[in-house]
Amino acid sequence: MEIPLSKPFLGEEEKNAVLGVLDSGFLARGRQVELFEEEFARYIGVREAIATSSGTSALFVALKALGVGEGDKVVTTPFTFVATASAIVQCGGMPVFCDVDEETFNLDSSCLERVLKREKNVKGVIAVHLYGLPCDMEAILSLKEQYGFFLLEDCAQAHGASYRGKKVGSFGEMAAFSFYPTKNMTTGEGGMVVTDSSELAQRCRMLINHGSRKRYYHEMLGYNFRMTDIAAAIGRVQLKKLEEANEKRRFNATFYNQALMDLCPRVVTPKVPEGRVSVFHQYTLRLQEKRDELLAFLRNAGVGCEVYYPVPLHKQPFLVDMVANCSFPVAESLKDRVLSIPVHPQLKEDELNVVASLIRSFFAL
Ligand SMILES: Cc1ncc(COP(=O)(O)O)c(C=O)c1O
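Rules used in this analysis
- Residues numbered from 1 in each chain as written.
- Predicted model: local features only at pLDDT ≥ 70, side-chain atom pairs only at ≥ 80, totals over all residues.
- Heavy atoms only, no water.
- Helix = DSSP H or I, 4+ residues; strand = E, 2+ residues; numbered from the N terminus.
- Rg over C-alpha atoms; globule rule 2.2 N^0.38 Å.
- Buried < 20%, exposed > 50% of the residue type's maximum accessible area, 1.4 Å probe, protein only.
- Contact = heavy atoms within 4.5 Å.
- Areas by Shrake-Rupley, 256 points an atom, 1.4 Å probe, with all protein chains shown as cover.
- Lys, Arg positive; Asp, Glu negative; His and termini not counted.
- Charge placed at Lys NZ, Arg CZ, Asp CG, Glu CD.
- Near = heavy atom within 4 Å.
- Polar contact = N/O pair within 3.5 Å; in protein donor to acceptor, adjacent residues only side chain to side chain.
- Nonpolar A, V, L, I, M, F, W, Y, C, P; charged D, E, K, R; others polar.
- Domains from an automatic or database assignment.
- Buried area = accessible area lost by both parts, 1.4 Å probe.
- Salt bridge = Lys/Arg side-chain N within 4 Å of Asp/Glu carboxyl O.
- Patch = residues over 30% accessible without salt bridge, like charges linked within 9 Å, V, L, I, M, F, W, Y side chains within 5 Å.
- Pairing = 2+ DSSP bridges.
- Axes fitted to C-alpha atoms, helices over the stretch in contact; angles between N-to-C directions.
- Expected span 1.5 Å × (residues − 1).
- Arc of directions from axis to C-beta.
- Core = buried A, V, L, I, M, F, W, Y, C linked by side-chain atoms within 4.5 Å.

## Some words on the overall build of the protein chain
Within the protein chain one finds twelve helices and 15 strands. Relative to the globule expectation of 21 Å for 365 residues, the C-alpha radius of gyration of the protein chain, 20 Å, shows essentially globular dimensions. For the protein chain, with 365 residues in total, the buried portion stands at 56%. Contacts in the protein chain between residues at least 24 apart in sequence constitute 71% of all its contacts with a sequence separation of at least 6. Of the roughly 15,700 Å² of accessible surface on the protein chain, 52% is carried by carbon and sulfur atoms. Taking the average location of the 42 positive side-chain charges in the protein chain and that of its 45 negative ones, the two points are 2 Å from each other.

Take a look at the structure:
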């Protein structure tokens, strides 16, 4: 039995939506994108949404709109996908890393406070809601109040997650989402910037469209980061299914929590602190030892699993020189202990049982 780590849930509705766009003969950014933006903004609880070609371009234009330029410092986590930091570098900015919390895998707010005290002129913070779990927003917002940085949320893995009843993506000046096929909802490739500010939204709309408001009049240097109507048509269907899919992810997570509980402390299941709702983009175990052996054992048995992420960003060759002599002990230790196992909404009960039993049998050996 092959059990993939992720599997997009695509059905007749998505196929028909794409065929509808093909029949219309209008494939580029059009009515479907407009509707997708409206529906997504309403879902997150913000005023504006701007669809982009990817989560990476969403992060990039958000940073540009927020004015990040040459030498500007932006603090973020080293324990994330590379795009979080490469977007900063692409703008000419300087990533400043901050260690993460062992239990939540997200920015550790006491480390963040230390970084803010130490570094002068931090322009912004990118809070990544890793694996679908919201960051400690109360602490981050209180530091924002004190230090006055802009907050950009990287919600690439957290569509629909919430903190004290409010959806992530609605806490900062701006937020960026990704619709890559492994994400909680997909458009193939695609992304979305959200914000309450009509001014920031206008800047993003120009940035993704060659710096123009009016065709062939270019007020600023821009890019082509537009989403197509084909992608948006898929996204609109996926958005309708998102809540149910996230519910199933939480059900799967609860199943594993119970099935693996007694393996603690050799295997520690993910914790969701009070007041936060995770959307379990990943279900990530922390192993005391033998992580690589378990990974090989599961893959050998046909179960997809992965290490997110094996190299913290301050150790990535293209960033090393920019962040010389830093050490982030928690991120550096987690990279050797984490293992993500299948939690996607299409898993059947027997598959959940197979995965849990394999892990249990590995530790009984
Ligand atoms: C945390 C994070 N940020 C940014 C991105 C970039 O998104 P994309 O692959 O759509 O460019 C991803 C996903 O790949 C991600 O996981």
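## Some details on the site of the ligand
Taken together, 16 residues lie around the ligand, and G55, T56, D154, S178 and K183 are the ones closest in. The separation between a nitrogen atom of the ligand and a polar side-chain atom of D154 is 2.8 Å. One nitrogen or oxygen atom from the side chain of K183 is found 2.9 Å from an oxygen atom belonging to the ligand. Protein contact buries 93% of the 380 Å² of open area that the ligand shows by itself. When the residues that make up the shell around the ligand are grouped by side-chain class, the tally is six nonpolar, eight polar and two charged.

## A closer look at the side chain of S340
Relative to the elements of secondary structure, S340 occurs in strand β15 (residues 338-341). Side-chain polar atoms of S340 contact the side chain of T284, separated by 2.8 Å.

## Notes on the domain arrangement of the protein chain
Domain annotation of the protein chain identifies domain 1 (12-238) and domain 2 (242-364). Distance between the C-alpha centres of domain 1 and domain 2: 24 Å. The partner domain 2 presents 34 residues to the 41 residues of domain 1 that form the contact. Here domain 1 packs against domain 2, burying approximately 3,400 Å² in sum over the two surfaces, 62% of which is carbon and sulfur. Among the residues domain 1 hides against domain 2, the three largest losses belong to E102, Y131 and N184. Together they make up 21% of the total. On the surface where domain 1 and domain 2 come into contact, there are two salt bridges. Across the salt bridge formed by R286 and E102, the nearest N and O atoms sit 2.7 Å from each other. Remark: the boundary between domain 1 and domain 2 carries 20 residue pairs in polar contact (both at pLDDT 80 or more). Listing elements by their share of the side of domain 1 that touches domain 2, those giving two or more residues are α4 (83-90), β3 (94-97) and β6 (162-163). Tallying contributions element by element places α4 first for the side of domain 1 that touches domain 2, with three residues. Grouping the amino acids of the side of domain 1 that touches domain 2 by side-chain chemistry returns 21 nonpolar, twelve polar and eight charged.

## Here we look at a nonpolar patch on the surface
A surface patch of nonpolar side chains, amounting to about 260 Å² of accessible area, comprises L19, L22 and L27. Relative to the assigned elements, L27 resides in the loop between α1 (12-24) and α2 (31-44). Judged by its relative accessible area of 39%, L27 falls in the partly exposed class.

## Considerations on the sheet that holds strand β12 (residues 267-268)
Pairing in this open sheet of three strands is antiparallel, and the strands run β12-β14-β15 from one edge to the other. Bordering the open sheet on either side are β12 and β15, each of which pairs with just one other strand. Along the sheet, helix α9 (residues 291-300) makes contact with β14 (283-287) and β15, crossing β15 at roughly 20 degrees.

## Here's the deal with α1
In a regular helix each residue adds 1.5 Å, so 13 residues correspond to 18 Å; α1 covers 18 Å between its end C-alpha atoms and thus fits that length. Among the residues of α1, those classed as buried are E14, A17, V18 and V21. Axial view of α1: buried residues confined to an arc of 95 degrees, hence all on one face. Residues E12, K15 and D23 are exposed on α1 and point more than 90 degrees away from its buried face. The inward-facing, buried residues of α1 abut α2 and α8 (229-260). Following α1 by one or two positions, G25 has its phi on the positive side, about 80 degrees.

## Focus: the nonpolar core
Counting residues in hydrophobic clusters, the biggest one holds 71 residues, and the most contacted among them are Y256 and I359. In this structure, this core is formed jointly by two domains, domain 1 (12-238) and domain 2 (242-364), each of which donates at least three residues.

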